[in-house]
Amino acid sequence: MPPASPSSASPSPSPLTHDAVVSALRAAGCVFAEDEARLLLSAAGGPGELAALVDRRVSGLPLELVLGWAEFAGLRITVAPGVFVPRRRTEFLVRQALAHVPDARVVVDLCCGSGAVGAALAAALDGAELHAADIDPAAVRCARRNVAPFGGRVHQGDLFAALPTGLRGRVGVLAANVPYVPTGEVPLLPAEAREHEPLVALDGGPDGLDVLRRVAAEAPRWLAPGGRLLIETSERQAPVALEAFAASGLSARLLVSDELYAHVVIGQVAGGSAPARGVTRG
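Residues numbered from 1 in each chain as written. Predicted model: local features only at pLDDT ≥ 70, side-chain atom pairs only at ≥ 80, totals over all residues. Heavy atoms only, no water.

Caption draft 1: Representation of helix 2 (residues 33-43) in the model. The complete set of buried residues in helix 2 reads Ala33, Glu36, Ala37, Leu39 and Leu40. In a view along the axis of helix 2, the buried residues occupy a sector of 165°, so they form one face of it. Where helix 2 is buried, its residues touch helix 1 (18-27), helix 3 (47-58), helix 4 (63-67) and strand 1 (69-72). (Buried < 20%, exposed > 50% of the residue type's maximum accessible area, 1.4 Å probe, protein only. Helix = DSSP H or I, 4+ residues; strand = E, 2+ residues; numbered from the N terminus. Arc of directions from axis to C-beta. Contact = heavy atoms within 4.5 Å.)

What follows is the structure, encoded as C-alpha cells:
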C-alpha cells in the first residue's frame, strides 16, 4: 500500500498559545490567569507537556503542585503531592525572626512541611545550624530536599520529641507554622487546600490552637537566652494565643502585617527585653 499523502494524514493538534492558556485558566476560575499562564509556558518542554500541565491545573490541582515548586522568600521550594504548600504570608514570620534574632546560630523549624521556613532562615543566617521536624513522612522527605543546600537536618516525629535533646537551651529561633484551622472550619477551606493538602497540616483542633498550646508549653526548655518562639495564627485567635504563651512563662506580643494579612505571636522566656501583650505592625 502506498504511503498516505500529507492531505490524508491526521492533522497534529495545534499548540496552545499564550492567549489560549489564559482563557482556559480563566474559565476554570484561576484569578491570576495571566501570571499562571506565564509560569506554565516557561515550565513546559513542548506543546504536549504544556497541554498536560494546563489540564492538571484546570482540573483543580494547585499551581505549585503542577509546577513542582513554590516561590518563598526568594527561594524556589520543592513541593510534592500530600505536602503543605508554603503561603506567601508566612514570609512575614521569616522576616520577623530575622529582625528579632539577627545573629541566631541555631534554628528549629517545627511542623516544617516542605521546610520552606527553615530553608529561608538558613539562607539568610549564613552558617546557622538548622533542624526541622514534622510528623508526616511525606513532608520529611520533601523538607530534606529543600534544606540540604544549607546543611539542614530533618527529623520525623511529634513536635519536640523528634528533636535531638542536645538542642535544649540552644535554640535562637524556634519557628512553628502549626496547623491552626478549627476542626469545624476545615470543610470550608478552598478545595485546593482541602483536597490536596494533608489534614494534619491544617486541623488545629476545636479552636485551632491545640498544637500552638503544646509548642508554647515546651518552648522555654529549648530556647537559648534571648531566643524567640514565633508562631503564625489568625487575627481572631491571636488573643487566646497570647494567653497560651503567657501561661507557658513566655513574654509575648503580636506582630501584624496588614499587607500580607499575617499575624505572628512572638515570645521569649519571661524576664527578657520583649514587652508583653503589645501589637506591632510591620
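Caption draft 2: Fine view of the environment of Trp69. Tracing the chain through its elements places Trp69 in strand 1. Take Trp69: its relative accessible area is 17%, and that puts it in the buried class. It is 30 Å that separates the C-alpha atoms of Trp69 and Ala238, two residues lying 169 residues apart in sequence. The residues contacting Trp69, other than those within four sequence positions of it, are Leu39, Glu64, Arg76, Ile77, Thr78 and Val79.

Caption draft 3: Up close: the packing of helix 9 (residues 210-218) against helix 10 (residues 238-247). As a packed pair, helix 9 and helix 10 sit with axes 8 Å apart at the nearest point and diverge in direction by 25°. Taken together, the axes of helix 9 and helix 10 are roughly parallel relative to one another. Along this stretch, helix 9 crosses helix 10, giving a crossing that reads as right-handed. Packed against helix 9, whose contacting residues are Leu212, Arg213 and Ala216, the element helix 10 presents Val240, Ala241, Ala244 and Phe245 at the interface. Looking at the contact of helix 9 with helix 10 residue by residue, the class counts come to six nonpolar, no polar and one charged. (Axes fitted to C-alpha atoms, helices over the stretch in contact; angles between N-to-C directions. Parallel < 35°, antiparallel > 145°, perpendicular 65-115°, else oblique. Left-handed = near helix turned anticlockwise from the far one by under 90°. Nonpolar A, V, L, I, M, F, W, Y, C, P; charged D, E, K, R; others polar.)

Caption draft 4: Representation of the pairing of strand 3 (residues 106-110) within the structure. Across the five residues that make up strand 3, a large majority, five, are buried. Alternating residues of strand 3 divide into Val106, Val108 and Leu110 and Val107 and Asp109, and every residue in both groups is buried. Sheet analysis places strand 3 next to strand 4 (residues 129-134), joined by five bridges and oriented parallel. Looking across to strand 4, one finds that Val107 is bridged to Leu130. Between strand 3 and its parallel partner strand 4, the chain crosses via helix 6 (residues 116-124), and the hand of that crossover is right-handed. As paired elements, strand 3 and strand 6 (residues 171-176) share four bridges and run parallel to each other. By the bridge assignment, Val108 is partnered in strand 6 with Leu174. (Pairing = 2+ DSSP bridges. Right-handed = clockwise from strand over helix to strand, strands pointing away.)

Caption draft 5: Fine view of helix 1. For helix 1, the set of buried residues is Val21, Val22 and Leu25. For helix 1, the angular spread of buried residues about the axis comes to 100°, placing them on one side. What points out from helix 1, more than 90 degrees from its buried face, is the exposed set Asp19 and Ala27. If you follow the buried residues of helix 1, they end up packed against helix 2 and helix 3. A positive phi of about 95° marks Gly29, the residue just after helix 1.

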